[in-house]
Amino acid sequence: MSTAETTATAQAPARAGESTAPAGNGMRFVGWASNYIDERTSISGAVKFLGRKIFPDHWSFMLGEVALYSFIVILLSGTFLTLFFQASMVEVHYEGSYEPLKGLPMSVAMASTLDISFDIRGGLLVRQIHHWAALLFVASIGLHMLRVFFTGAFRKPRELNWVIGFILFILAMAEGFTGYSLPDDLLSGNGLRIIDGMVKGFPIVGTWISYLLFGGEFPGTDIVGRLYMLHIMVLPALVIAAIGIHMLLLIVNKHTQFAAPGRTNDNVVGAPILPVFAAKAGGFFFIVFGVIVAIAALVTINPVWNYGPYDPSPISAGTQPDWYIGFADGALRLVPPGWEFEIFGGYTLSLNILVPVIVLGLFIVTVLIYPFIEAWVTGDKREHHIAERPRNAPTRTAIGAAGVTFYAALWAAASSDLIATHFKLAVEHVTWGIQAWLILGPFIAYFLAKRICLGLQKKDREIALHGFESGRIVRMPGGEYIEVHEQLSDYERWRLVSFQEYKPLMIRPNAEGKITLRQRFRARLSRWFFEDRIAPVTQKELESSNHH
Amino acid sequence: MAQDHGSTGTEVAHRAAPSAGTAVIPTDAVENPGFPPYRPRVTDLDPAKEKAQERRVIAMFLVSALGSVLAVVAYIAFPITPGDMESVRTNNLLFGLAGALALLAVGVGAVHWSKSLMHGHDLVEQRHDTRGSEPTRASALEIFRQANEESGFGRRKFLRNSLIGALVVSPVPAVVLLRDLAPAADPVPLLKHTMWAEGVRLTRDPSGTPIRASDVTLGSAFHVIPEGLHETSHPLEEKAKAAVLVMRLKPEQLHVTEGREDWNYAGIIAYSKICTHVGCPVALYEQITHHLLCPCHQSQFDITHEAKVIFGPAKRPLPQLPITVDDEGYLIARSDFTEPVGPSFWERSV
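Since the structure is predicted, the reported quantities are computational estimates derived from the model, not experimental observations.

## So, the sheet that holds strand E10 (residues 320-321) of chain B
Residues and elements named next belong to chain B.
- The strand order E2-E3-E4-E5-E10 describes an open sheet built from five strands, whose pairing is antiparallel. Among the strands making up the open sheet, the edge pair consists of strand E2 (202-204) and E10.
- With three bridges connecting them, E2 and strand E3 (residues 221-226) associate as antiparallel partners. Among the inter-strand pairings, Leu 202 is bridged to a residue of E3, identified as Pro 226.

Structure follows, in structure tokens:
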């Protein structure tokens, strides 16, 4: 019945027989080199361990790959940029070839950025590759996280890898922001000004942290050099270390797979690293790289020459941060007027800064610890290797939809002025609209997503039991018209019936006969998660439905 | 922990199966039908098609090599002429597109090779528990026990705690070391003062030319810096505090509070340009409504009411700079700002 090979190694003899390569000089060299290296590193063990490891296939598994490959592109292009960029805020008069800025005072950082753009062949391309790749890096990490969240791929044994991935997301945003600030142009300078203003708003320590960060009063002459050190040394080292652990845990845990005939919680079905996965993934790296280069060749990004050098007085209307900072900027914009108070004899408490920072902090911490919350609610200590379809975990999917809606509201708020000008609305109305969306939107999204999931589950159940509508209408001898339902094959049905359900926790007294508060809370959460549920089709139901 | 269900009874492992929590363990779940039969690809069945796909992949790789050559050609054939922006654009476009072709073709070729020509059957690998086997775990525990025994780590409590104490304190010098990230001076007095002082002329930004009261016509707005800003040792830091907007309204449009009667000159008023929210320049002046708008977070200030906040996250009005004119008719400051400018900070009003 099964045609897939049962083990990876069973495959080897047949293949080896087919391809007895002629032992030419090339092969002899490869043989000699392999032996030389193995005798000094024992690398054959690694090849044996990794070479035929199986990777399951699904389009959504590619999102994490995009993140990894765009990071490699960032490293390559960034290395080129360091050959020319000078992270100094010493003032010079620009003498490069961009006419409109000639003779203007600016920092060396800005001048060298203009030189990279206009006086070095391919320099503009590499700058744009670096910036586009950075935007793609953060975007693909975000989508990868959503994939992992909505399929429950964070469940045991992968909770820690979720945490590492989350750290990578934060590091990626930090990398992005520090890099964005380096050219010392008007736009990024105003971005730093906002950071300065936010830091100053922190109680007690804010003034001093800003003072230390900028090496004196804002803007100072130190910040670009300091951010450069973070951007090209500390943060990349942390990112590389975190990616290393992320990949290592991926190998230890093996990849999840979606339910399909023959796939179980105890196996991995897919292509081996050598040769199929290596060829696909290696090829995909070049495709990601190629797409980034094509975009960089065709679409301008961050034209710092249009903004000019940083000056604390001018600003352009409709300025936007890079997309991944938008949610934080939007949070600042949504604060209603007047949230700033003087306390204990004159100290200033800037709630208009603290509240958005705390709300964002709670939001991302919830994302960070979600796997542990769900594990506590279900009490499930088993390993899970089958990725769930989002509909089969309705409450989780609904929580995710609420989170996405919340984030989207913050994100949209960062463009409130552009939304107002594009749609000819008053900016006040846009802000009030988004404030309402921020509060109400998540509830609506939660409710809708949950209903849609339950509806889809019911539909799955219906199709699994009674087949699908074939579109063929038949007139019965009695004159009655019916539509013929076509049954699914066992293979097709498997995907619809092979999911797990949980039921709400029943409160039981503990050994001392007491019901603890903790137990009550857990039962309440459990009821919230699993009260509405659709049971998977059982064998008995299937048989009885086949009889009529 | 919840034990709603006992063991399912099917496990015969050497240890108790991990708890399934509140999961429902079905007794008659539908059975996994096993692997479906392999659906051969055309390249599996027809050697001619296999050959054709092979040629296609080779063509991709050759196109890629061609793209690399073209990129080098573009680099040399379309150099940058200093001052000619068109040449920058051409260099960027052609070098980039040829490079993209080289990368995309080799990538697409490799993926196509793997999908159409490489062995297409799925392979199966068994998973094992992530946790170490019982003997391995026992050995690990034994090693810890032995190490503890041999070192006395658990037994010599005072020794252990003094080690922990020493390690906790050890990073403190490194933290202290960071003090000189900023100068010795206390930042708070610096934040409370600007370059403005009695008699300092208001000058245009960026030229630094002084402004006559008669230049400021009704409805106009001037971006202003203090005279002598460019000669200071830290012009950007000074400007970040001292930037001012000057506008003229009809005197009867101004709602002047007590004590500020002589802060404007015939309807000419000067306000700090640095937003009281997080410090962006409040650079957008709406002439008809006399509103100032901060483009960063949309705080709006009403100039007729001494720049009080009418919308947005800012709380405080923009500080007003008291001004008058000197003997020659130029606008001058009567004093520094009477309160700190820019974003709020903890010690602001202390």
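Having put the structure on the table, let's press on.
## A word on the domain arrangement of chain B
- Splitting chain B by domain gives domain 1 (42-116) and domain 2 (190-333).
- The straight-line distance from the C-alpha centre of domain 1 of chain B to that of domain 2 of chain B is 58 Å.

## Focus on the interface of chain B and chain A
- Between chain B and chain A, the contact holds 95 residues from the first and 120 residues from the second.
- The set of elements that each furnish at least two residues to the side of chain B that touches chain A consists of helix H3 (85-116), strand E1 (123-126), helix H7 (187-192), helix H8 (235-242) and strand E9 (308-311) of chain B.
- Looking at which element gives the most residues to the side of chain B that touches chain A, the answer is H3 of chain B, with 19 residues.
- Tallied by class, residues from the side of chain B that touches chain A come to 57 nonpolar, 25 polar and 13 charged.
- Summarising the sheet, strand E5 (residues 267-272) of chain A and E1 of chain B pair through four bridges and their orientation is antiparallel. Residue pairing in the sheet places Val 269 of chain A in a bridge with Val 124 of chain B of E1 of chain B.

## A word on the packing of helix H13 (residues 326-333) of chain A against helix H14 (residues 351-378) of chain A
Residues and elements named next belong to chain A.
- Running from N to C, H13 and H14 cross one another at 140°; their axes reach a closest spacing of 8 Å. Regarding the angle of H13 to H14, the classification is oblique. Crossing of H13 against H14: the hand is right-handed. For the pair H13 and H14, the contacting residues are Ala 328, Ala 331 and Leu 332 in the first and Pro 356, Val 359 and Leu 360 in the second.
- Grouping the amino acids of the contact of H13 with H14 by side-chain chemistry returns six nonpolar, no polar and no charged.

## Things to note about helix H5 (residues 108-118) of chain A
- Here H5 of chain A lies mainly inside the structure; ten of its eleven residues are buried.
- Among the residues making up H5 of chain A, those that are buried are Ala 109, Met 110, Ala 111, Ser 112, Thr 113, Leu 114, Asp 115, Ile 116, Ser 117 and Phe 118 of chain A.

## Focus on the domain arrangement of chain A
All names here are of chain A.
- According to the domain assignment, chain A contains domain 1 (56-388) and domain 2 (454-547).
- Here domain 1 and domain 2 have C-alpha centroids that lie 42 Å from each other.
- Facing seven residues of domain 1, the contacting portion of domain 2 comprises ten residues.
- Tallied by class, the residues present in the side of domain 1 that touches domain 2 amount to five nonpolar, one polar and one charged.

## Thoughts on the sheet that holds strand E8 (residues 300-302) of chain B
Residue and element names in this part refer to chain B.
- Across the sheet, which stays open at both edges, the four strands sit in the order E6-E7-E8-E9 with antiparallel pairing between neighbours. Of all strands in the sheet, those with a lone pairing partner are strand E6 (284-286) and E9, marking the two edges. If you compare each strand with its neighbour and ignore which way they point, the axes differ by 30° on average.
- Sheet topology places E6 next to strand E7 (residues 291-293); three bridges connect them, and they run antiparallel. Considered in E7, the bridge of Glu 286 is made with His 291.

## Re the nonpolar core
- Core analysis: the biggest nonpolar cluster contains 172 residues, and Phe 137 and Ile 292 of chain A together with Leu 202, Val 244, Val 246 and Ile 323 of chain B have the highest contact counts within it.
- Looking at this core element by element, the count peaks at 15 residues for helix H6 (residues 123-150) of chain A.
- Once residues within four sequence positions are removed from consideration, Ile 292 of chain A is found in contact with Ser 70, Val 73, Ile 129, Trp 132, Ala 133 and Leu 136 of chain A.

Cut-offs applied
- Residues numbered from 1 in each chain as written.
- Chains lettered and ligands numbered in written order.
- Predicted model: local features only at pLDDT ≥ 70, side-chain atom pairs only at ≥ 80, totals over all residues.
- Pairing = 2+ DSSP bridges.
- Helix = DSSP H or I, 4+ residues; strand = E, 2+ residues; numbered from the N terminus.
- Domains from an automatic or database assignment.
- Contact = placed C-beta atoms within 7 Å.
- Nonpolar A, V, L, I, M, F, W, Y, C, P; charged D, E, K, R; others polar.
- Axes fitted to C-alpha atoms, helices over the stretch in contact; angles between N-to-C directions.
- Parallel < 35°, antiparallel > 145°, perpendicular 65-115°, else oblique.
- Left-handed = near helix turned anticlockwise from the far one by under 90°.
- Buried ≥ 20, exposed ≤ 12 C-beta atoms within 10 Å, placed from the backbone.
- Core = buried A, V, L, I, M, F, W, Y, C linked by C-beta atoms within 7 Å.

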